[in-house]
Amino acid sequence: MPARESGLKDTGIQISEATVSDFFALLKPRVMALAVFTAFVGLMVAPGTMNPVIAVIAIGAIAVGAGAAGALNMWYDADIDALMSRTSKRPVPSGRVTPGEALGFGLVLSVLSVMTLGVLVGWLAASLLAFTIFFYVVIYTMWLKRSTPQNIVIGGAAGALPPVIGWAAATGAVGVESLILFLIIFLWTPPHFWALALFKIGDYAAAGIPMMPNVAGQPSTRRQVFVYSLILAPIGVLPWAFGFASGLYGIVSAALGAGFIWHAWKLLVDKEMKFAKALFAYSIFYLFAIFAVLLADTITMRAIMSAGN
């Protein structure tokens, strides 16, 4: 009998024994949380006001769409996930969820999220969500991930789109401000994932994934991580430079960027793997912190302006 299925011999029907937690794990909840948070910040930073109920629906639809992309990624990547220690216990390679269940689950959630966002919020946001799911699953997962060490550089566009979707949900348009938020995440993605790839280099080698350290070598990867950090740090300050964040945000974001550069420099000059792990951890903190500060800054400035009126 398969690990998570029981066969009904008299009818030939198989009943899935996957639990709710197994299907929830398919959604890649940690990745989904980051997408939802940045989408929420994009929605909140956008000008104007939005009906709270519609805003909740928009964020919910974006969350479901992000989870759907994760489920489809796990369906397609089950073969290589089984070979890596970091992913071998995921629902599909471990046998808790069948590939067919993961595929059906992801497709249903994809359609549901896009249609809900389109009908109840706006079709521009829905189109961006549909494109994000397509880009992540087809362009990144099915093509780039297994074919080029630039996989995460190009594929990072999918993870950078949530704040643009949130902005579009709130305004019905794509503003320069939302593209700056996109750029922050887009430039953050390579050093974040290459730091992970440095201390998981054996996993990627076993699975045959051409991550940068496996293809270009560790010294080259460390140099590229440092170059990206030098570019990312000033980009993180752009919300202040473009006038949709205060000087306080500018100071904090500059300090966070300096911290990123310092961690990348330590990784460059010291070959101990602990610095790759430190940069990976700091990169997660950096992205959550810079968006949290922007959110708090926006709420504070609007409260001040409201009190002044």
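Residues numbered from 1 in each chain as written. Predicted model: local features only at pLDDT ≥ 70, side-chain atom pairs only at ≥ 80, totals over all residues. Heavy atoms only, no water.

J.: Any chance you could break down the packing of aromatic side chains for me, citing the residues and the numbers?
T.: Taken as a whole and judged by the stated rule, the model has 12 aromatic pairs. Ring geometry for Phe131 against Phe135: centres 5.6 Å apart, planes inclined by 50°, an arrangement best described as tilted. With Phe131 and Phe135 both in helix 6 (residues 123–143), this residue pair falls four residues apart, about one helical turn. For Phe131, a relative accessible area of 42% puts it in the partly exposed group. Taking the relative accessible area as the measure of exposure, Phe135 reaches 13% and is therefore buried. Centroid distance Phe199 to Phe280: 5.8 Å. Interplanar angle 75°. Geometry classified as edge-to-face. Of the two residues, Phe199 is situated in helix 9 (residues 176–199) and Phe280 in helix 15 (residues 274–308); the sequence distance between them amounts to 81 residues. Of the residues examined, Phe199 reaches a relative accessible area of 22% and is grouped as partly exposed. Three or more aromatic residues link up through ring pairs in this structure, and these residues are Phe260, Tyr282, Phe285 and Tyr286. (Phe/Tyr/Trp six-rings, centres within 6.5 Å; stacked < 30°, edge-to-face > 60°. Helix = DSSP H or I, 4+ residues; strand = E, 2+ residues; numbered from the N terminus. Buried < 20%, exposed > 50% of the residue type's maximum accessible area, 1.4 Å probe, protein only.)

J.: Account for a nonpolar patch on the surface, with residues named and values stated.
T.: A contiguous nonpolar surface patch, about 510 Å² in accessible area, is contributed by Val111, Met115, Val119, Leu120 and Trp123. Ranked by residues supplied to the nonpolar patch, first place goes to helix 5 (residues 99–120) with four residues. Residue placement: Met115 occurs in helix 5. (Patch = residues over 30% accessible without salt bridge, like charges linked within 9 Å, V, L, I, M, F, W, Y side chains within 5 Å. Areas by Shrake-Rupley, 256 points an atom, 1.4 Å probe, with all protein chains shown as cover. Salt bridge = Lys/Arg side-chain N within 4 Å of Asp/Glu carboxyl O.)

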